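# Working through the structure, step by step
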Amino acid sequence: MVFLEETIVMRVTTCSKRLILESCGLEDLVYQVDPYVGCGHYCSYCYALNHAETDWREEVRVHEDLSGRLFHELLTIPPQTIYMGYNSDPYQPVEAEQRQTRKALELFVETGHSASFLTKSDLFARDFDLLTRMEDARVSISVAFNDDATRRLFEHDTTPTEMRMDALKQAQDAGLQTSALLCPIIPYVTDAMELLDSLAPVTDTIWVYGLTIRDRNGLNWKNVEAILAGHYPANRKRIEEVVFDREHAYWRDLRTRLEKAQLTMKPELKIHI
């Protein structure tokens, strides 16, 4: 299948000087690296948009001398797994030319560290030569939409879902640990059970999360609200009702179906809705 995607011209600038190796709040991971400040994928629902330093549709920033600075920062900690993908996608479109993520991976190999990352791209297949040299490297993709027309509405410049899954299968075949994030489930938009069936053959673990918006005044909700008004006017109010009510019957019903699937599905299913 051939996918034709719009090409986005992105301005790449240098960010203010800051630590590249940062603390990480995820379980069992102490440090994270965001090779970019900002993310050209511009997913409408992304929590990080609410504290964006630039307009991510037009500009992302890179760290000056990432290789030199990160090398010295990595030497201050014992070898361990470093997370990538907390505030920006390490394989967003500009990575194809900027190669900031690949530079970080090269340093991880040199200093004995490993990588765990989350992406909405298939570009990570380029870096199997580095990832397979690490101990316990983990490759994770994030998916949320069953068709590419819907994906394009909510995710500005991401790789088609099918291509992400194909690349994850390649990672699995290469002997890498794989996982997937089914997130965000948008009520009455995402068919979670269908996506689960597609992900099951290509990953060891699937994490499931519903769309979480905490601030109705945040840019991420304003983006989503505009998409719902323009493309889902008949369902807009009931989608909003479910999004802001974690105890809604929609979530309870979905949780029941997921728990039933959890009993028989081969990948480990971790439900957080």
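Residues numbered from 1 in each chain as written. Predicted model: local features only at pLDDT ≥ 70, side-chain atom pairs only at ≥ 80, totals over all residues. Heavy atoms only, no water.

## Notes on the overall build of the chain
Our working rule: Numbering goes from the N terminus for both helices and strands, where a helix is a DSSP run of H or I of at least four residues and a strand is a run of E of at least two. Taken over C-alpha atoms, the radius of gyration is set against a globule rule of 2.2 Å times the number of residues to the power 0.38. Note on exposure labels: buried denotes an accessible area under 20% of the residue type's maximum, exposed denotes more than 50%, and partly exposed covers the range between, all computed with a 1.4 Å probe on protein chains only. Note on contacts: a residue pair is in contact if any heavy atoms of the two residues lie within 4.5 Å. Every accessible area reported is derived by Shrake-Rupley at a probe size of 1.4 Å, with residue values counting cover from the shown protein chains alone. Charge assignment in this entry is limited to Lys and Arg as positive and Asp and Glu as negative, and neither His nor the chain termini are counted. Each charge is placed at NZ for Lys, CZ for Arg, CG for Asp and CD for Glu.
Broken down by element type, the chain carries 10 helices and 11 strands. Against the compact-globule benchmark of 19 Å for 273 residues, the chain has a radius of gyration of 19 Å, which places it among compact chains. When its C-alpha atoms are laid out on the principal axes, the chain stretches across 55 × 40 × 35 Å. For the chain, the proportion of its 273 residues judged to be buried stands at 52%. A separation of at least 24 residues holds for 74% of the contacts in the chain among residues at least 6 apart in sequence. Carbon together with sulfur atoms contributes 49% to the accessible area of the chain, which is approximately 13000 Å² in total. Here the chain contributes 30 positively and 43 negatively charged side chains, and the mean placements of these two sets differ by 3 Å.

## A few points about helix 9 (residues 236–243)
Test applied: Note: the arc covers the axis-to-C-beta directions of the helix.
If you check which residues of helix 9 are buried, you get Ile 239, Glu 240, Val 242 and Val 243. When helix 9 is viewed along its axis, its buried side chains cluster within an angular range of 165° and face the same direction. Elements in contact with the buried residues of helix 9: helix 8 (219–231) and helix 10 (249–262).

## Points about the sheet that holds strand 9 (residues 177–185)
Strand pairing in a sheet relies on backbone hydrogen bonds. The paired strands run either parallel or antiparallel. The cut-off we apply is this: By the convention used here, strands pair only if DSSP detects at least 2 bridges between them. Only the contacting stretch of a helix is used when fitting its axis, a line to C-alpha atoms as for every element, and angles between N-to-C directions run 0 to 180 degrees.
Pairing in this open sheet of eight strands is mixed, and the strands run 2-3-6-7-8-9-10-11 from one edge to the other. The sheet is open, and its two edges are formed by strand 2 (21–23) and strand 11 (268–272), each paired on a single side. The mean inter-strand angle of the sheet, taken between neighbouring strand axes irrespective of direction, is 25°. Relative to strand 3 (residues 31–33), strand 2 runs antiparallel, the two sharing three bridges. Pairing of Glu 22 across the sheet is with Gln 32, part of strand 3. Its contacts with the sheet put helix 6 (residues 161–173) on strand 8 (138–143) and strand 9, and the angle it makes with strand 8 is roughly 165°. Sitting on the sheet, helix 7 (residues 192–199) touches strand 8, strand 9, strand 10 (205–210) and strand 11, and the angle it makes with strand 9 is about 170°.

## Quick notes on the packing of helix 8 against helix 9
Going by this rule: Each angle receives one of four descriptions, namely roughly parallel if under 35 degrees, roughly antiparallel if over 145, roughly perpendicular if within 65 to 115, and oblique otherwise. Should the near helix be turned anticlockwise from the far one by less than a right angle, the crossing is termed left-handed; should it be turned clockwise, right-handed. Classes in brief: Ala, Val, Leu, Ile, Met, Phe, Trp, Tyr, Cys and Pro nonpolar; Asp, Glu, Lys and Arg charged; the others, Gly included, polar.
One way to put it is that helix 8 packs onto helix 9 with a least axis distance of 9 Å and a crossing angle of 150°. In this view, helix 8 runs roughly antiparallel relative to helix 9, as classed from their interaxial angle. Between helix 8 and helix 9 the crossing geometry is right-handed. Here helix 8 contributes Trp 221, Leu 228 and Ala 229 to the contact with helix 9, which in turn contributes Arg 236, Ile 239, Glu 240 and Val 243. Class assignment of the residues belonging to the contact of helix 8 with helix 9 gives a composition of five nonpolar, no polar and two charged.

## Quick notes on the sheet that holds strand 1 (residues 11–14)
If you trace the three strands from one edge of the open sheet to the other, you get 1-5-4, paired in mixed fashion. The sheet is open, and its two edges are formed by strand 1 and strand 4 (36–37), each paired on a single side. Across two bridges, strand 4 lies against strand 5 (residues 59–62) in antiparallel orientation. Of the residues in strand 5, the one forming a bridge with Val 37 is Arg 61.

## With respect to the side chain of Thr 119
Rules: Polar contacts here mean pairs of N or O atoms no more than 3.5 Å apart (in protein, one a potential hydrogen donor and the other a potential acceptor; neighbouring residues in sequence count only if both atoms are side-chain atoms).
With respect to the secondary-structure elements, Thr 119 resides in strand 7 (residues 114–119). Within the local environment of Thr 119, its side chain forms a polar contact with the side chain of Asp 89, the two groups lying 2.7 Å apart. From its side chain, Thr 119 meets the backbone nitrogen of Ser 121 in a polar contact 3.0 Å long. When neighbours within four sequence positions are excluded, Thr 119 is seen to be in contact with Asp 89, Tyr 91, Phe 124, Ser 140, Ile 141 and Ser 142.

## Focus: the pattern of salt bridges
Our working rule: Any Lys or Arg side-chain nitrogen found within 4 Å of a carboxyl oxygen on Asp or Glu counts as a salt bridge.
According to the stated counting rule, one finds 17 salt bridges in the structure shown. A salt bridge links Asp 148 to Arg 151; the shortest N-O distance between them is 2.5 Å. Of this pair, Asp 148 and Arg 151 both sit in helix 5 (residues 148–154), three residues apart, which is roughly one turn of the helix. For Asp 148, a relative accessible area of 17% corresponds to the buried category.

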